[in-house]
Amino acid sequence: MFYWVCKYILIGPFLRVLFRPVLEGVEQIPAHGPAILASNHLSFSDSFFLPLMVPRRITFLAKAEYFTGKGFKGMFSRLFFSAAGCVPIDRTSGSAAEAALTTGARVLGEGHLLGIYPEGTRSPDGKLYRGKTGVARLALETGVPVIPVAMINTDQVQPIGQLIPKVMRVRMRVGKPLDFSRYAGMAGNRFVERSVTDQIMYELLQLSGQEYRDVYAASVKSGVAADRPAAEPVAA
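- Going by what an unreviewed UniProt entry lists, the protein is known as Lysophospholipid acyltransferase family protein and is assigned to Cryptosporangium minutisporangium.

## Notes on the pattern of salt bridges
Close approach of charged atoms lets side chains of opposite charge pair.
Okay, step 1: Tallied over the full model, the rule gives seven salt bridges.
Okay, step 2: Residues Lys127 and Glu211 are paired through a salt bridge, measuring 3.8 Å at the closest nitrogen-oxygen approach. Remark: Glu211 occurs in the loop between α9 (190-208) and β9 (212-213) and Lys127 occurs in the loop between β5 (113-116) and β6 (128-129); sequence separation between them is 84 residues.
Okay, step 3: Owing to a relative accessible area of 25%, Lys127 belongs among the partly exposed residues under this scheme.
Okay, step 4: In this structure, the salt-bridge partner of Asp214 is Arg130, at a minimum N-O distance of 2.8 Å. A residue pair is termed long-range when its members are at least 10 positions apart, and Asp214 in the loop between β9 and α10 (217-222) and Arg130 in the loop between β6 and α7 (134-142) qualify at 84 residues.

## A look at the side chain of Asn153
Okay, step 1: Tracing the backbone shows Asn153 in the loop between β7 (146-151) and α8 (154-157).
Okay, step 2: Among the residues examined, Asn153 registers a relative accessible area of 8% and is labelled buried.
Okay, step 3: Of the polar contacts made by the side chain of Asn153, one reaches the backbone oxygen of Arg169; its length is 2.7 Å.
Okay, step 4: Setting aside chain neighbours within four positions, we find Asn153 in contact with Leu42, Met168, Arg169, Val170 and Arg171.

## Some thoughts on helix α3 (residues 46-53)
Okay, step 1: Counting buried residues along α3, eight of its eight residues qualify, which places the element largely inside the surrounding structure.
Okay, step 2: Of the positions making up α3, those classed as buried are Asp46, Ser47, Phe48, Phe49, Leu50, Pro51, Leu52 and Met53.

## With respect to the nonpolar core
The nonpolar side chains of a soluble globular protein tend to be buried with one another.
Okay, step 1: Phe49, Leu50 and Met172 are the most contacted members of the largest nonpolar core, which totals 29 residues.
Okay, step 2: At the level of elements, α2 (12-19), β2 (35-39), α3, β3 (58-63), β7 and β8 (171-174) are the ones that each hand at least two residues to this core.
Okay, step 3: With near-sequence residues (within four places) excluded, Phe49 lies in contact with Leu15, Phe19, Met151, Thr154, Val157, Val170 and Met172.
Okay, step 4: Counting residues in each nonpolar core, the second largest holds 20 residues, with Leu101, Ile116, Ala139 and Leu178 among its members.

## Side note on the environment of Thr197
Okay, step 1: Residue position: Thr197 is located in helix α9.
Okay, step 2: Remark: the alpha-carbon pair of Thr197 and Gly134, spanning 63 residues in sequence, is separated by 8.3 Å.
Okay, step 3: In contact with Thr197, other than residues within four places in its own chain, are Gly131, Lys132, Thr133, Val135 and Ala136.

## Things to note about the pairing of β7
As a general feature of sheets, a regular strand has side chains that alternate between the two faces.
Okay, step 1: Counting buried positions over the six residues of β7 gives six, a clear majority of the element.
Okay, step 2: By the alternation rule, side chains of β7 split into Val146, Pro148 and Ala150 and Ile147, Val149 and Met151, which are all buried.
Okay, step 3: Across four bridges, β2 lies against β7 in parallel orientation. Note on β7: the bridge partner recorded for Ser39 is Val149.

## Focus on unusual backbone geometry
Okay, step 1: Within the chain, Arg20 stands out as a residue other than glycine whose phi angle is a positive 45°.
Okay, step 2: Assignment of secondary structure puts Arg20 in the loop between α2 and β1 (22-24).
Okay, step 3: When its relative accessible area of 42% is taken as the criterion, Arg20 is described as partly exposed.

## Remarks on the packing of α7 against α9
Okay, step 1: Where α7 contacts α9, the two axes come as close as 8 Å, and the packing angle between them is 105°. Viewed along their axes, α7 and α9 adopt a mutual orientation that is roughly perpendicular. Note on element contacts: α9 touches α7 through Val192, Glu193, Val196, Thr197 and Ile200, opposite Val135, Ala136, Arg137 and Leu140.
Okay, step 2: Classifying every residue of the contact of α7 with α9 by side-chain character gives six nonpolar, one polar and two charged.

## Considering helix α1 (residues 2-10)
Side chains that are three or four residues apart share a direction in an α-helix, a result of its 3.6 residues per turn.
Okay, step 1: Three or more residues of α1 are buried, namely Tyr3, Cys6 and Lys7. Buried positions in α1, seen along its axis, are confined to an arc of 95° and lie on one side of it.

Basis of the calculations
Residues numbered from 1 in each chain as written. Predicted model: local features only at pLDDT ≥ 70, side-chain atom pairs only at ≥ 80, totals over all residues. Heavy atoms only, no water. Salt bridge = Lys/Arg side-chain N within 4 Å of Asp/Glu carboxyl O. Helix = DSSP H or I, 4+ residues; strand = E, 2+ residues; numbered from the N terminus. Buried < 20%, exposed > 50% of the residue type's maximum accessible area, 1.4 Å probe, protein only. Polar contact = N/O pair within 3.5 Å; in protein donor to acceptor, adjacent residues only side chain to side chain. Contact = heavy atoms within 4.5 Å. Core = buried A, V, L, I, M, F, W, Y, C linked by side-chain atoms within 4.5 Å. Pairing = 2+ DSSP bridges. Axes fitted to C-alpha atoms, helices over the stretch in contact; angles between N-to-C directions. Parallel < 35°, antiparallel > 145°, perpendicular 65-115°, else oblique. Nonpolar A, V, L, I, M, F, W, Y, C, P; charged D, E, K, R; others polar. Arc of directions from axis to C-beta.

Below is the structure:
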């Protein structure tokens with residue numbers, strides 16, 4: 001209930017008036033049934049503008065710390081991420097990736113839309129980065145379609161580290177659903193999962209027009225980026 005109150009009464013109307021968001025291709029998103037919305041990630045505000053423009057509720061996975069803070073700041077954080085349709089994930093444990101995948105599968109099993117940022121973190125410089133294979137694992141395990149969604153200019157609206165967004169029109173673009181049923185039963189095969197993930201990232205590249213870097217965004221942020229990572233993180 002709080003999600004819809006924020007979307008249509010408390011927050012949504014103001015965002016629509018100020019930022020005049022445009023979502024191209026919304027008809028590609030099914031009116032019913034589960035699907036994964038796989039999006040590039042340019043800004044903190046991505047998780048607000050996309051749910052604002054999609055008629056159905058989108059559930060995102062978020063760090064549990066956002067929901068456990070104390071005091072006024074903690075209360076504001078809980079309300080903020082609840083309004084964005086987020087559910088908490090404990091990412092401090094050794095099984096954090098599996099916990100995220102389990103929760104994502106549950107959301108899809110209930111027939112909902114699940115929002116995922118395959119890059120795993122916000123782009124540090126507006127480029128598109130190598131996707132983590134969690135999105136592929138979920139698609140293969142659940143059999144649901146993956147719908148690529150490109151955020152176009154939200155990094156200009158709210159760059160990393162900027163608290164107050166710049167008032168300008170926000171643009172988003174939805175691609176055609178991707179069907180990976182030909183890989184049914186192959187979840188866990190790292191070569192298949194990498195191939196599926198790369199196809200999703202290619203579609204995002206075509207939709208967004210970003211420059212692509214075949215390294216993980218998290219590695220770039222930590223200053224240890226390599227041309228190709230040895231491991232394959234699966235966390236979405």
